[in-house]
Every structure is written in C-alpha cells, then in structure tokens.
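Geometric and topological summary
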Amino acid sequence: MNVTIKKLSNDPHEIRKVQKFLFNMIKKEFGYGYVPKWHKDIVNLEDYYIAPKRNNFFVAYNENEEIISTIGIRAFDKDFPEFKHSYSNENTSSIWRLFVDKRCRRCGLASRMFGIAENFAKESNYTEIYLHTHKTLDGALDFWVKMGFIVTFDENNELETVHMDKNIYGLEINPGVADFQYVVKL
C-alpha cells in the first residue's frame, strides 16, 4: 500500500475531512461522540495545530486519497494538578489524536506517524513529549512503551487513563526533507 503523509493545511475542505475521520474514530474506539470539554482541538484544528509555529497535525492518505491515520503534536497546554511543576509549554510537546484506520493497523503506520511527530518536536526545540492514553484501547499502552514512553501516572479511573512521557534525544534529521510530505510503501 502506498501512503502519503503530509501536514494538515488550512484548506476548509481538508479540515472537514479530518474532523469527520477523527469523530468517526472516536465513536468506534470509545463509543461516544463529540464531548466539548475533550474535543475543542478537533473543532478548532487551525487554532490548536495549524496556526501555532511549534504545533502541527499530520495526516496519512492511501492511494484513493482516503484518510487512514492522523497525529497531532502541540505545546503542552493542560492544567492537570498532578503535573503542575512537571511540564512546561516551552520544553514539553504533547501527542494528540493518533488514530489508524483498522484496515491499516499492524503494518508500521502508527510508528511512522509518531516518528514524524517526534522529529517535528525535536526540530521545534522541545526536550520531551507528554501523552495520555487508556489501558482499554487495544494495544495502545504497549505501543507507547515500545516508542520509548514511560508511565508517569496511572489515574485508576473508569476510563483507565495513564499519563506517559519521553525525553527527546538528539535525533539526526535530514535537512533535505523539510516539507513533511512522505510516500511510504507499507
């Protein structure tokens, strides 16, 4: 399968397609729809990912121009009391909305999407990456551990939320690849 990964543009048509994909994936994975408190970034992709210089959102398309994966990266902007002095928006980036269409799982696409986001974080002078995930998501916790994250806090709540982080080490990034558009054969 040929996959093209690119930055989300400010094209309203493309933004609507991404929003539809994200809400469909949330419904499939979590069993619920739009929750204003949790999904502000999705309804406002431009303000959260496109406009800020140190934030970004990447979208993977198959040969038919269907969206098959997404990942967002932005400055840490949460006010969790548990992390009041642990993270800053200067040094800490955060991963959001990594989804892979079920038809395209277990072929390395999520790892490639994360690799692109991690390279972007390094180029943007972040020194660490934060994320939270849920133990109920099939394979999610194992995936993030495989990517080098460690669990920093387990909420032991009904959503089975765990918070994780990872230091970004000196990645060598090829300066010739600056447009973040990739064609990947999976």
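This report concerns the structure included in the present document. Keep in mind that this is a model prediction, so the values were computed, not measured. Numbering of residues starts from 1 in every chain and runs along the sequence as written. Side-chain atom pairs in this predicted model are given and counted only at pLDDT of 80 or more, local residue features only at pLDDT of at least 70, and totals for whole chains, interfaces and linings cover all residues. Water and hydrogen atoms play no part in the side-chain values, which are based on all heavy atoms of the structure.

Here's the deal with the overall build of the protein
Numbered from the N terminus, helices here are DSSP runs of H or I no shorter than four residues, and strands are runs of E no shorter than two. Helix and strand counts for the protein stand at 5 helices and 8 strands. Counting from the amino terminus, the protein carries its helices and strands in the arrangement β-α-α-α-β-β-β-α-β-α-β-β-β. Based on C-alpha atoms, the radius of gyration is set beside the globule rule, defined as 2.2 Å times the residue count to the power 0.38. Radius of gyration (C-alpha) of the protein: 16 Å, near the 16 Å computed for a compact globule of 186 residues. Each residue is assigned to one of three classes by its accessible area relative to the maximum for its type, calculated with a 1.4 Å probe on protein chains only: buried under 20%, partly exposed between the two thresholds, exposed over 50%. Out of the 186 residues belonging to the protein, those deemed buried represent 42%. Considering only contacts in the protein between residues 6 or more positions apart, those separated by 24 or more positions represent 67%. For the protein, the accessible area works out to roughly 10200 Å², and carbon and sulfur atoms hold 48% of it. Charged-residue counts in this description rest on Lys and Arg as positive and Asp and Glu as negative, His and the chain ends being excluded. Just so you know, the charge point we use is NZ for Lys, CZ for Arg, CG for Asp and CD for Glu. Side chains of the protein give 25 positive and 26 negative charges; the mean places of these two sets differ by 4 Å. Whether two residues touch is decided by their heavy atoms; if any such pair falls within 4.5 Å, the residues are in contact. Note that accessible areas follow from Shrake-Rupley with a 1.4 Å probe, and for residues the cover is restricted to the protein chains shown.

Side note on the side chain of S93
As for its position among the elements, S93 is in strand β4 (residues 92–100). You can call S93 buried: its relative accessible area is 0%. With residues near it in sequence (within four places) discarded, S93 still touches I73, R74, A75, F76, A121, Y126, E128, I129, Y130 and I168.

Structural notes on the nonpolar core
General note: in soluble globular proteins, nonpolar side chains tend to be found buried as a group. Counting residues in hydrophobic clusters, the biggest one holds 29 residues, and the most contacted among them are I5, F58, I95, L109, F114, W144 and F149. Among the secondary structure elements, those contributing two or more residues to this core are β1 (2–7), β2 (56–61), β3 (67–75), β4, α4 (109–123), β5 (128–134), α5 (140–146) and β7 (161–167). It is α4 that provides the largest number of residues to this core, a total of 8 residues. Not counting residues up to four positions away in its chain, the partners in contact with F114 are I71, I95, I129, F143, W144, M147, F149 and K166. Note on terminology: a nonpolar core comprises buried Ala, Val, Leu, Ile, Met, Phe, Trp, Tyr and Cys residues joined through side-chain atoms within 4.5 Å.

Let's talk about the pairing of strand β6 (residues 150–154)
Two strands qualify as a pair provided that DSSP identifies no fewer than 2 bridges between them. Where β6 lies against β7, 4 bridges are found, and the strand directions are antiparallel. Paired with I150 across the bridge in β7 is D165. Connecting β6 to the antiparallel partner β7 that follows it, the hairpin turn spans 6 residues, and N156 within it adopts a positive phi of roughly 50°.

Concerning helix α1 (residues 12–30)
For α1, spanning 19 residues, the distance from its first C-alpha to its last is 26 Å, which sits close to the expected 27 Å at 1.5 Å a residue. What α1 keeps buried is the set E14, I15, V18, Q19, F21, L22, M25 and I26. For α1, the arc enclosing every buried residue in end-on projection is 165°, short of the 170-degree limit, so these residues lie on one face. Exposed and oriented more than 90 degrees from the buried face of α1 are R16, K20 and K28. Its buried side turned inward, α1 meets β1, α2 (40–43), α3 (45–50), β2, β3 and β4. Here the expected length of a helix is defined as 1.5 Å per residue gap, with one fewer gap than residues. In this context, the arc is that of the directions from the helix axis out to the C-beta atoms.

Describing the environment of R106
If you trace the backbone, R106 turns up in the loop between β4 and α4. With 95 residues separating them along the chain, R106 and D11 place their C-alpha atoms 30 Å apart.

Concerning the environment of W144
Relative to the helices and strands, W144 resides in helix α5. Since its relative accessible area comes to 7%, W144 is described here as buried. Distance in space between the C-alpha atoms of W144 and T127 is 17 Å, their sequence separation being 17 residues. The contacts of W144, once residues within four sequence positions are left out, are I95, L98, F114, L131, T133, F149 and M164.

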